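Below, each chain spelled out in residue letters.
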Amino acid sequence: MPSDVRTKDFVSVLDFEPAELESCLVLASRLKRERHLGAKAPTANALDGAHVAMLFEKPSLRTISTFEIAVRELGGNIITPFPDVALSPREPVIDVARNLERWVRCAVIRTYAHSIVLEFAKAAPRMHVINALTDQEHPCQALADFQTLRETWGSWVGRTLAFIGDGNNVATSLAQAGVMLGVNIHIASPAGYALSDSVIQQASRVARHGAQIRLFRDPADAVKGANAVYTDVWTSMGQEAEATERRKAFAGYQVTMPLMRQAAPGAFFMHCLPAHREEEVTTEVMESSISVVFDQAENRLHAQKALLYTLMAEAPPRG
Ligand code: CP
Ligand code: NVA
């Protein structure tokens, strides 16, 4: 990316150039190592009193907690307007955005329609906008996941990640980030729940090192040769009315120990959490030594700190 161009928003992984994504993840691991320095960390004042608005219309444990801690550890402040005021028919989204940009440097938004986050970003040219999950994408999750993969694998290029389940927001962001970093993505989904063609086409345009997205029907085919196996809930937030139908459709898509044994030797298990044990994954897999789900959760903090730094700090960190 040319040095005079600065990415304003992170609505999608695709907002980053591959090199920018990579350096953000390298910075994430560095911030993780430096966290013990507390107020003496070189990045402790990076946001220099800036305010960040947190607008969450869906439940969250990990994303909201880690963003709040990340902002504070970078020297910024949080405001949390009520989502039923800020993301409601009370006033148009573009007016909310234009108010907020007069007060805060960044808005972190979790909502249903992806178009709302895009509208925010467009309406507020002076405010950074970060997607904290929409029905379509979960880019901050993918940051933490690929930080975790690099820390565990040592590198990304040429590895394979298998995703078993719904071609949903988490799968979309994983596929986008994966191919940008040179990781092959295998996704096994039942009929009607596959990753969309448009996501595959868009992601393939930014793929590097020959990385590919391949779709499968049978989970056993998808995990063959995979160095990590990932799953997510079968029913995402907002789809609760479809839960019974989805439980039937995904019945053969549980990640079990026998399935993990069909992956490459040393493959480990990943989940964005929250997990439904004995639905998309067995307790045995979740609790096994090959499960890195809490490393992923920890890395949400470091990856989002690196993201805020990349978007908002005035100069690259020294050292
Ligand atoms: N993985 C994730 O985004 O968790 P929360 O929904 O708790 O934020
Ligand atoms: N696909 C899930 C991810 C939760 C972090 C959802 O959207 O509910």
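Our subject is the structure listed above.
S.K.: When you look at the packing of aromatic side chains in this model, what are you seeing that I'm missing?
M.R.: The geometry of an aromatic ring pair is captured by two quantities: the separation of the ring centres and the angle between the planes. By the definition in use, this model includes 6 aromatic pairs. Measuring from centroid to centroid gives 4.8 Å for Tyr-193 and Phe-250, while their planes differ by 50 degrees, and the two rings are tilted. With Tyr-193 in the loop between strand E6 (184–188) and helix H8 (197–205) and Phe-250 in the loop between helix H10 (243–249) and helix H11 (257–260), this pair connects stretches of sequence that are 57 residues apart. The same class applies to Tyr-193 as to Phe-250, namely buried.

S.K.: Explain the state of the cysteines to me, please; I cannot follow it from the model alone.
M.R.: A covalent bond between the sulfur atoms of two cysteines is referred to as a disulfide. This model, assessed by the stated rule, comprises 0 disulfides. Free of any disulfide, Cys-24 has its nearest neighbouring cysteine sulfur in Cys-140, separated by 9.3 Å. Here Cys-106 is not cross-linked by a disulfide; its sulfur's nearest cysteine counterpart is in Cys-140, at 9.5 Å. Under the relative-accessibility criterion, Cys-106 is labelled buried at 0%.

S.K.: What am I meant to see in helix H2 (residues 62–73) here?
M.R.: An α-helical turn contains 3.6 residues, so a residue and the one three or four places further along point in the same direction. In this model H2 runs 16 Å from its N-terminal to its C-terminal C-alpha over 12 residues, within 8% of the 16 Å that 1.5 Å per residue would give. Along H2, the residues that are buried comprise Arg-62, Thr-63, Thr-66, Phe-67, Glu-68, Ala-70 and Val-71.

S.K.: Help me understand the site of ligand 2 in this model?
M.R.: Residues in contact with ligand 2, as listed here, are Leu-133, Asn-168, Asn-169, Val-170, Asp-232, Val-233, Ser-236, Met-237 and Leu-273. Interatomic distance of 2.8 Å between a side-chain N/O atom of Asn-169 and an oxygen atom of ligand 2. Relative to its unbound accessible surface of 270 Å², ligand 2 loses 94% to contact with the protein. Class assignment for the residues of the shell around ligand 2 results in 5 nonpolar, 3 polar and 1 charged.

S.K.: Whenever I open this one, the packing of helix H1 (residues 18–34) against helix H13 (residues 293–312) confuses me. Can you help?
M.R.: Helix packing for two helices is described by the angle between their axes and how far apart those axes are. At a closest axis distance of 8 Å, the pairing of H1 and H13 adopts a crossing angle of 120 degrees. With respect to H13, the element H1 is oriented oblique. Where H1 crosses over H13, the handedness of that crossing is right-handed. Only Glu-298, Asn-299, His-302, Ala-303, Lys-305, Ala-306, Leu-307, Tyr-309 and Thr-310 of H13 make contact with H1, whose side of the interface consists of Glu-20, Cys-24, Leu-27, Ala-28, Leu-31 and Lys-32.

So, how was this worked out
Residues numbered from 1 in each chain as written. Chains lettered and ligands numbered in written order. Predicted model: local features only at pLDDT ≥ 70, side-chain atom pairs only at ≥ 80, totals over all residues. Heavy atoms only, no water. Phe/Tyr/Trp six-rings, centres within 6.5 Å; stacked < 30°, edge-to-face > 60°. Helix = DSSP H or I, 4+ residues; strand = E, 2+ residues; numbered from the N terminus. Buried < 20%, exposed > 50% of the residue type's maximum accessible area, 1.4 Å probe, protein only. Disulfide = S-S within 2.5 Å. Expected span 1.5 Å × (residues − 1). Near = heavy atom within 4 Å. Polar contact = N/O pair within 3.5 Å; in protein donor to acceptor, adjacent residues only side chain to side chain. Areas by Shrake-Rupley, 256 points an atom, 1.4 Å probe, with all protein chains shown as cover. Nonpolar A, V, L, I, M, F, W, Y, C, P; charged D, E, K, R; others polar. Axes fitted to C-alpha atoms, helices over the stretch in contact; angles between N-to-C directions. Parallel < 35°, antiparallel > 145°, perpendicular 65-115°, else oblique. Left-handed = near helix turned anticlockwise from the far one by under 90°. Contact = heavy atoms within 4.5 Å.

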